[in-house]
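# Observations on the model geometry
Here's the letter readout for the chains.
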Amino acid sequence: MLSIIQAAGWPIWPLVACSILALALIFERFAALKTSKVAPPNLLNEAISVSAKGLPNTETTQQLAQSSALGDVLASGLRTLQAHPDSSEDELRASMEGAGRAAAHKLEKYLSALATIASAAPLLGLLGTVIGMIEIFGSQSGGGAVGGGNPAQLAHGISIALYNTAFGLIVAIPTLIFWRYFRARVDAYLLGMELASEQFVRHLARLKLAK
């Protein structure tokens, strides 16, 4: 690998940096988008059962908020009702929608960076290709006809062009795949959180009426 990087010349170093950054972001997103951290399967049912006979205390609400992204959204509805017992269903929904937007922002963190790397890597590879072609033509400028220049410089220019093109695609393709995967995962989480929030709003509205 080191010999390939050396043969590709300096244009490959931005691609190496992009590959390291993309790998770090992919590992970070895998850790951050675990189901247990975003939307545990039974959390909604647990929140409904805890608040079935009345509003839970502040400590329980705080534990719910810290449990996951969905827990924070559900807890926002409980906190609103605790602070303003006469809150309408629309006010509860607005509060949870605000918390949902904040959660969505956290879930989408670094996805734009991955998309940028996936878009920029082929362009950086193309830049290396152009620089390699410049070196190829530069090696022929003193010889008149093609083949009359410096063969070593010609080979070096070709290696720069090909290695950078290939490395740009090698970085871009997996990054694009993971970006699409994370984007779909986040969209699925957001849909599930929206449906759970709507169900919890109706539960809180019934709870308020039962008082």
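No experiment lies behind these values; they were computed from the predicted model shown. (Residues numbered from 1 in each chain as written. Predicted model: local features only at pLDDT ≥ 70, side-chain atom pairs only at ≥ 80, totals over all residues. Heavy atoms only, no water.)

Turning our attention to the overall build of the chain. Tallying secondary structure elements over the chain gives nine helices and zero strands in all. Starting at the N terminus and walking to the C terminus, you meet the elements of the chain as α-α-α-α-α-α-α-α-α. For the chain, contacts bridging at least 24 residues in sequence account for 76% of all contacts bridging at least 6. Carbon and sulfur atoms form 65% of the exposed surface of the chain, whose accessible area is close to 11700 Å². (Helix = DSSP H or I, 4+ residues; strand = E, 2+ residues; numbered from the N terminus. Contact = heavy atoms within 4.5 Å. Areas by Shrake-Rupley, 256 points an atom, 1.4 Å probe, with all protein chains shown as cover.)

Let's shift gears to the packing of aromatic side chains. Pairs of aromatic rings are described using the distance from one ring centre to the other and the angle between the two planes. Enumeration according to the criterion identifies five aromatic pairs in this entry. Judged by centre distance (5.0 Å) and plane angle (75 degrees), the rings of phenylalanine 30 and phenylalanine 182 are edge-to-face. Placement of the pair is phenylalanine 30 in helix α2 (residues 12-32) and phenylalanine 182 in helix α9 (residues 151-210), with a sequence separation of 152 residues. With a relative accessible area of 37%, phenylalanine 30 lands in the partly exposed category. (Phe/Tyr/Trp six-rings, centres within 6.5 Å; stacked < 30°, edge-to-face > 60°. Buried < 20%, exposed > 50% of the residue type's maximum accessible area, 1.4 Å probe, protein only.)

Looking now at the environment of valine 201. With respect to the helices and strands, the residue valine 201 is situated in helix α9. If sequence neighbours within four positions are ignored, valine 201 has contacts with Glu89, Leu92, Arg93 and Met96.

This brings us to unusual backbone geometry. If you check the backbone angles, tyrosine 110 has positive phi at about 70 degrees while not being a glycine. Note that tyrosine 110 resides in the loop between α7 (89-107) and α8 (111-140).

The complete set of buried residues in helix α4 (residues 43-50) reads Leu43, Leu44, Ala47 and Ile48. Across the axial projection of α4, the buried residues extend over an arc of 135 degrees, all falling on one side. (Arc of directions from axis to C-beta.)

Between helix α5 (residues 58-67) and helix α6 (residues 69-83), whose axes approach to 6 Å, the crossing angle comes to 155 degrees. With respect to α6, the element α5 is oriented roughly antiparallel. Here α5 and α6 pass one another in a crossing that is left-handed. On α6, the residues that touch Thr58, Thr61, Gln62, Leu64, Ala65 and Ser67 of α5 are Gly71, Asp72, Leu74, Ala75, Leu78, Arg79 and Gln82. (Axes fitted to C-alpha atoms, helices over the stretch in contact; angles between N-to-C directions. Parallel < 35°, antiparallel > 145°, perpendicular 65-115°, else oblique. Left-handed = near helix turned anticlockwise from the far one by under 90°.)

What follows deals with the pattern of salt bridges. This structure, assessed with the given rule, holds eight salt bridges. In this structure, the salt-bridge partner of arginine 93 is glutamate 198, at a minimum N-O distance of 2.8 Å. One end of the pair, arginine 93, is in helix α7; the other, glutamate 198, is in helix α9, with 105 residues separating them in the sequence. Glutamate 198 sits in the partly exposed class, given a relative accessible area of 27%. Close ionic contact of arginine 183 with glutamate 108 constitutes a salt bridge, the shortest N to O distance being 3.0 Å. Of the two residues, arginine 183 sits in helix α9 while glutamate 108 sits in the loop between α7 and α8, which places them 75 residues apart along the sequence. The partly exposed category is assigned to arginine 183, whose relative accessible area is 23%. Among the ionic contacts, a cluster of salt bridges with common partners joins Glu89, Asp90, Arg93, Glu198 and Arg202. (Salt bridge = Lys/Arg side-chain N within 4 Å of Asp/Glu carboxyl O.)

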